[in-house]
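# Coordinates in review
Below, each chain spelled out in residue letters.
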Amino acid sequence: MTKTIIENGLVIDGHGGAPRKGEVVVVDGNKIDYVGPKSDYNVKGDEVVVDAEGGAVLPGFIDTHVHMMMEYSPLSERLTTPFSYRYFQVQEYMKETLNAGVTTVRDALGTDLGVKKAVQNGLVDGPRMQLSINALTITGGHGDGTQLNGDVLDIQPSDFRGMPDGRCDGVAEVRKKAREMLRAGAEVLKVHATGGVLSPTDHPTFTQFSPEELEAIVQEGQYRNGVKVMAHAQGSEGIKNAVHAGIHSIEHGIFVDEEAADLMVENGTYLVPTLLAPVSVLETADEKGMPQSAVDKTKEVIESHRKSVKLAYDKGVKIAMGTDAGVMKHGTNLRELALMNEAGVDAMDTIVMTTKNAAECLGWGDQVGTLEAGKLADVVITKGNPVEELDQLQDHDYIRYVMKDGQVEKDAR
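Figured I'd write up the structure that's included with this text. (Residues numbered from 1 in each chain as written. Predicted model: local features only at pLDDT ≥ 70, side-chain atom pairs only at ≥ 80, totals over all residues. Heavy atoms only, no water.)

## Some thoughts on the side chain of T323
Where we set the bar: To qualify as a helix, a DSSP run of H or I must reach at least 4 residues; to qualify as a strand, a run of E must reach at least 2; elements of each kind are numbered from the N terminus. Whenever a nitrogen or oxygen atom comes within 3.5 Å of another N or O atom, the pair is scored as a polar contact, on the condition that within protein one atom can donate a hydrogen and the other can accept it, and that pairs from neighbouring residues in sequence are kept only if both atoms are in side chains. The contact criterion used throughout is that any non-hydrogen atoms of two residues lie within 4.5 Å.
With respect to the element layout, T323 can be found in the loop between β14 (318-319) and α10 (335-342). A polar contact of 2.5 Å, which involves the side chain of T323, links it to the side chain of D63. Discounting chain neighbours no more than four positions away, the residues touching T323 are D63, H65, V66, T274, L276, A277, M328, N333 and E336.

Below, the structure is given as structure tokens:
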């Protein structure tokens, strides 16, 4: 089998060390075969040579919080779009994600097993996916699309095969609902532990699910060979409840306080900040027809969100990059790195958060996330050194080359 040698680039391997010159990345099939000095590699002469043209060579980027099957749109558009049309839209969303250099995602609700299977079987191009199927939510909480007039207007309908309704109350119901998600193909369980910005009848600080209910969800995951739980948790009380229950990652974490941060460090809990989500709500409110309540809540929390990320970072909380893509346009994922940097996170650390940390958050650290021999061949080449110009990563033209699982998904050199 012909090997591929990626040379003439600045190797940023995902571990957080300084970028390295004079090294090559060698791919054999769908695996990385060698990373190191070119002088130490025995060139056969029949390898395919990929010239990085002086740009950076990195692991494929990972977004640990997306909604692959949706992209927020005005209500009138949602009401007049046939249901099956979304399965054609998702193909474009996945292409945009790959074009951005994101080769792996964790879907935080809305994508069913058929989409993942279509990617795995080569029917469509898309990132590697870890699915949650749908989120568990309390009646009247974040994720319950029942409006004040009684109509149900969910952003992502949950009344079709492969997508169980996530509403449940009480320990017995949450156990059953967790089992339904697992039956439908969930590889991670998602729970709404607090209210949120986009939900119509609650607030980000509202606490959802009792500690007993959260513990029951975690236990159901443990029964299935240790399936982890991710929690939408924005208010400080809900964050602490989730950490105490043994939940693996806190999504958003808008009101992380010192006690919550200390608990997360003690328990090894990940934070997935999604700073891009509230920024995008404000930027696209008029275009997308965002509810005024969502705009008002976003303005209220956006500064606290930045401060919480800095607090968690300074305390040593493990942070994995996530964006909430689907609330905003797919393919804009890497803008998150510059936002984290603006909040006080070191530039190289943001790269680690979207490679090594993100892979470990998914439990896939042995497969992806760093450039190492034996790992899957997910490789990205950028135009320049992203550590020095994080803001350029949001430009698809800056992402020159994308390989996923040994297959070239993009070559714009």
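Moving on from the coordinates now.
## Looking at the sheet that holds β14
Our working definition: Any two strands with at least two DSSP-identified bridges between them are counted as paired. Fitted lines through C-alpha atoms give the axes, limited to the stretch in contact for helices. The angle between two N-to-C directions lies from 0 to 180 degrees.
Ordered in space as β9-β10-β11-β12-β13-β14, the six strands form an open sheet in which the pairing is parallel. For this open sheet the edge positions go to β9 (135-136) and β14, each flanked by a neighbour on one side alone. With two bridges connecting them, β9 and strand β10 (residues 189-192) associate as parallel partners. Opposite L136, over in β10, you have V191 as the bridge partner. Packed onto the sheet, helix α5 (residues 211-223) meets β9, β10 and β11 (229-233) and runs at close to 175 degrees relative to β10.

## A closer look at the sheet that holds strand β6 (residues 61-66)
Read across the sheet, three strands follow the order β6-β7-β8 without closing on themselves; strand pairing throughout is parallel. The open sheet terminates on both sides in strands that have one partner only, identified here as β6 and β8 (128-131). Pairwise comparison of adjacent strand axes, ignoring direction, gives a mean angle of 15 degrees for this sheet. Relative to β8, strand β7 (residues 102-107) runs parallel, the two sharing four bridges.

## Re the side chain of H65
Quick reminder of the rule: Partly exposed residues are those whose accessible area sits between 20% and 50% of the maximum for their type, while under 20% is buried and over 50% is exposed, using a 1.4 Å probe and protein chains only.
Take H65: it is sitting in strand β6. Residue H65 is classed as buried on the basis of its relative accessible area, which comes to 1%. If we skip the residues at most four places from it in the chain, H65 touches R106, A108, K190, M230, E251, H252, V272, T274, G322, T323, D324 and A325.

## Comments concerning helix α6 (residues 236-245)
Counting buried residues along α6, seven of its ten residues qualify, which places the element largely inside the surrounding structure. Restricting attention to buried positions, one finds in α6 the residues G238, I239, K240, N241, A242, V243 and A245. Where α6 is buried, its residues meet α5, β11, β12 (249-252) and α7 (258-267).

## Overview of the packing of aromatic side chains
Heads up, the condition is: In this analysis, rings of Phe, Tyr and Trp, with Trp reduced to its six-membered ring, are considered paired at centre separations within 6.5 Å, and the interplanar angle assigns stacked below 30 degrees, edge-to-face beyond 60, and tilted for intermediate values. When the NZ atom of lysine or the CZ atom of arginine is within 6 Å of a ring's centre and also within 35 degrees of its normal, the charge is said to sit over that ring.
Taken as a whole and judged by the stated rule, the model has two aromatic pairs. When the centroid spacing of 6.1 Å and the interplanar angle of 70 degrees are considered together, the rings of F83 and Y87 count as edge-to-face. Classification of Y87 as partly exposed rests on a relative accessible area of 26%. Over the ring of Y72 we find R78, and its NZ or CZ is 4.9 Å from the ring centre.

## Regarding the packing of helix α4 (residues 171-183) against α5
When two helices pack together, their arrangement is captured by the angle between the axes and the distance separating the axes. The following threshold applies: Left-handed describes a crossing whose near helix is turned anticlockwise from the far helix through less than a right angle; right-handed describes the clockwise counterpart. The classification used treats Ala, Val, Leu, Ile, Met, Phe, Trp, Tyr, Cys and Pro as nonpolar, Asp, Glu, Lys and Arg as charged, and all other residues, Gly among them, as polar.
Interaxial distance between α4 and α5 falls to 9 Å at its minimum, and their mutual angle equals 35 degrees. Here the hand of the crossing between α4 and α5 comes out right-handed. Contact residues: α4 offers V171, V174, R175, A178, R179 and L182, while α5 offers E212, E213, A216, I217, Q219, E220 and Y223. Taken together, the residues of the contact of α4 with α5 sort by class into seven nonpolar, one polar and five charged.

## Digging into the pattern of salt bridges
Put simply, the rule is: Salt bridge criterion: a side-chain nitrogen from Lys or Arg within 4 Å of a carboxyl oxygen from Asp or Glu.
Within this structure, the stated rule accounts for 23 salt bridges. For E258, the salt bridge is made with K315, and the minimal N-O distance between the two is 3.3 Å. Highlighted residues: E258 in helix α7 and K315 in helix α9 (residues 292-315), separated in sequence by 57 residues. Since its relative accessible area comes to 48%, E258 is described here as partly exposed. Judged by relative accessible area, K315 falls into the partly exposed class, the value being 30%. Between K315 and D262 there is a salt bridge, with the nearest N and O atoms lying 3.1 Å from each other. On the criterion of sequence distance, the pair formed by K315 in helix α9 and D262 in helix α7 is long-range, its members being 53 residues apart. Shared partners join several salt bridges into a network, and the residues in it are D13, R20 and E23.

Function cannot be inferred from these measures alone, as they are strictly geometric.
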